[in-house]
Amino acid sequence: GAVVSQHPSRVICKSGTSVKIECRSLDFQATTMFWYRQFPKQSLMLMATSNEGSKATYEQGVEKDKFLINHASLTLSTLTVTSAHPEDSSFYICSARGGLEGQGYGYTFGSGTRLTVV
Amino acid sequence: GENVEQHPSTLSVQEGDSAVIKCTYSDSASNYFPWYKQELGKRPQLIIDIRSNVGEKKDQRIAVTLNKTAKHFSLHITETQPEDSAVYFCAASINNDMRFGAGTRLTVKP
């Protein structure tokens, strides 16, 4: 089935540094990638949507200069949290669309990245 | 944009009983409604989905119903088991945009 590999699974970084999170579609071409953020005991909040080769579309309230998204190929999208602060600590998860319709209408989630900023 | 509301936020049932989670959506153009189960710290796992041209779908102990007129859809789990304990999210999708409900923490007591 469709698989999305997300790395790293956990990262601890110092305040002010940047962190890059990668999502790769392993056996299909992800025409669209979604990035979500999930705070403890809360729902998944869509941060941005990116289509391969074009600029990401950010949701209202999400700073595009802070959360840099690159979707340079059909199998790789990256989210870079720049100048991270403790309030950016969260669970970040990607979802790729492009898989088989029978498997969730083509939405496949990565395994998530737990970011802790100290 | 689409707004999805989900109720209840927590649900506790006895093993063997049924559990029902309800969601409403705002955009009548939404055409795909998946349900996800998420265990702590893990990715959401699709458990069942339904498209707007179908009113009901069943997969063993799990069923989903969709009322397009009322813009609500529900998840039904029968004969619940302790391993069903998790957080369940509904979602509504229009074009490329998927929005999630707030989630329901289901606890199945043995």
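These remarks concern the structure in this document. (Residues numbered from 1 in each chain as written. Chains lettered and ligands numbered in written order. Predicted model: local features only at pLDDT ≥ 70, side-chain atom pairs only at ≥ 80, totals over all residues. Heavy atoms only, no water.)

### Thoughts on the side chain of Q38 of chain A
Argument step 1. Tracing the backbone shows Q38 of chain A in strand β4 (residues 32–38).
Argument step 2. The class of Q38 of chain A is buried, set by a relative accessible area of 8%.
Argument step 3. Not counting the four nearest positions on each side in its chain, Q38 of chain A is found in contact with S43, L44, S90 and F91 of chain A together with Q38 and F89 of chain B. (Helix = DSSP H or I, 4+ residues; strand = E, 2+ residues; numbered from the N terminus. Buried < 20%, exposed > 50% of the residue type's maximum accessible area, 1.4 Å probe, protein only. Contact = heavy atoms within 4.5 Å.)

### Some remarks on the packing of aromatic side chains
Any pair of aromatic rings gets described here by the distance separating the centres and the angle formed by the planes.
Argument step 1. Throughout the structure, instances matching the rule amount to 11 aromatic pairs over all chains.
Argument step 2. When the ring of F67 of chain A is compared with that of Y92 of chain A, the centres are 6.3 Å apart and the planes differ by 40 degrees; the resulting orientation is tilted. Here the residue F67 of chain A occupies a position in strand β7 (residues 67–73), and Y92 of chain A occupies one in strand β9 (residues 90–97), the gap between them amounting to 25 residues. Both residues of the pair, F67 of chain A and Y92 of chain A, belong to the buried class.
Argument step 3. Between the aromatic rings of Y36 of chain B and F100 of chain B, the centroid separation amounts to 5.7 Å while the plane-to-plane angle is 45 degrees, which identifies the pairing as tilted. One end of the pair, Y36 of chain B, is in strand β4 (residues 32–38); the other, F100 of chain B, is in strand β10 (residues 97–100), with 64 residues separating them in the sequence. Across the pair, F100 of chain B and Y36 of chain B agree in class, each one buried. (Phe/Tyr/Trp six-rings, centres within 6.5 Å; stacked < 30°, edge-to-face > 60°.)

### Describing the state of the cysteines
Argument step 1. Scanning all chains against the criterion turns up 2 disulfides over all chains.
Argument step 2. Shown here is the disulfide that connects C23 of chain A with C94 of chain A, its sulfur atoms set 1.8 Å apart. On the sign convention where negative is left-handed, the bridge of C23 of chain A and C94 of chain A, at about -95 degrees about the S-S bond, is left-handed. Remark: C94 of chain A occurs in strand β9 and C23 of chain A occurs in strand β3 (residues 19–25); sequence separation between them is 71 residues.
Argument step 3. Among the residues examined, C23 of chain A registers a relative accessible area of 0% and is labelled buried.
Argument step 4. Here C23 of chain B engages in a disulfide with C90 of chain B; their sulfurs sit 1.9 Å apart. The sign of the -100 degrees torsion about the S-S bond sets the C23 of chain B-C90 of chain B disulfide as left-handed. (Disulfide = S-S within 2.5 Å.)

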